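Given next are the chains, with one letter for each unit.
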Amino acid sequence: MLSEHLNSFLCQLNVLARQIASTHNLSLSQYFTLSSISSTGISMTELSRSVGVDNSTLTRNINVLIAKSLVSKERSRVDGRGFIVQLTSYGNNIIDLMENKMENIVDTISEDLNSQEKENIIEIISKLNWKINCHLNEL
């Protein structure tokens, strides 16, 4: 029962994210890739794990994001075989726009919840995220 509700919730969130991404000519996968890059950059290996895609899919997404001037990629100084991906200033601006749009949507759909209900949701989601991370790290 819980998994059914979580699956439905996840699907609906993906629809919202896809709509937001499409306003910037991005796919859902590109949106998740872009939003997973920290301001200090991330290795391709870490990014692949973070978004749950194989290296070839990630490379295609990164190449599209480079062509759109949203990210840059350079050889890692630590591991000369690897690459570090960073957001460009334009990429940062696009991420900010998409995050603000998602925040506005979440605010709208949660406006009927009181502050305690919102805190409960945040706490539950945080616990679920932590448990999922633990499970993924065991794999």
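Preceding block: the structure.
Computed from a predicted model, the values in this text were never measured in an experiment.

**Focus on the packing of aromatic side chains**
With the rule as written, the count across this model stands at 1 aromatic pair. Lying over the aromatic face of Phe 83, Lys 73 brings its terminal NZ or CZ to 4.7 Å of the ring centre.

**Focus on the packing of helix H2 (residues 28-35) against helix H4 (residues 55-67)**
Contact geometry for H2 and H4: axes closest at 10 Å, N-to-C directions at 80°. It follows that H2 is roughly perpendicular to H4 by the angle criterion. From H2, Ser 29, Gln 30, Thr 33 and Leu 34 reach across to H4, where they touch Leu 58, Asn 61, Ile 62, Val 64 and Leu 65. Broken down by class, the residue content of the contact of H2 with H4 amounts to 5 nonpolar, 4 polar and no charged.

**Quick notes on a nonpolar patch on the surface**
Taken together, Leu 2, Leu 6, Ile 124, Leu 128, Ile 132 and Leu 136 make up a surface patch of nonpolar side chains, about 560 Å² in accessible area. Taken together, the elements giving at least two residues each to the nonpolar patch come down to helix H1 (2-22) and helix H6 (115-138). The biggest single contributor to the nonpolar patch is H6, with 4 residues. By the secondary structure assignment, Leu 6 is in helix H1.

**Digging into the sheet that holds strand S2 (residues 71-75)**
The 3 strands are arranged S1-S3-S2 in an open sheet whose pairing can be described as antiparallel. Only two strands of the sheet have a single partner each, and these edge strands are strand S1 (42-43) and S2. Direction of pairing for S1 relative to strand S3 (residues 83-87): antiparallel, over a ladder of 2 bridges. The partner of Ile 42 across the bridge, within S3, is Val 85.

Thresholds applied
- Residues numbered from 1 in each chain as written.
- Predicted model: local features only at pLDDT ≥ 70, side-chain atom pairs only at ≥ 80, totals over all residues.
- Heavy atoms only, no water.
- Phe/Tyr/Trp six-rings, centres within 6.5 Å; stacked < 30°, edge-to-face > 60°.
- Lys NZ or Arg CZ within 6 Å of the ring centre and 35° of its normal.
- Axes fitted to C-alpha atoms, helices over the stretch in contact; angles between N-to-C directions.
- Helix = DSSP H or I, 4+ residues; strand = E, 2+ residues; numbered from the N terminus.
- Parallel < 35°, antiparallel > 145°, perpendicular 65-115°, else oblique.
- Contact = heavy atoms within 4.5 Å.
- Nonpolar A, V, L, I, M, F, W, Y, C, P; charged D, E, K, R; others polar.
- Patch = residues over 30% accessible without salt bridge, like charges linked within 9 Å, V, L, I, M, F, W, Y side chains within 5 Å.
- Areas by Shrake-Rupley, 256 points an atom, 1.4 Å probe, with all protein chains shown as cover.
- Salt bridge = Lys/Arg side-chain N within 4 Å of Asp/Glu carboxyl O.
- Pairing = 2+ DSSP bridges.

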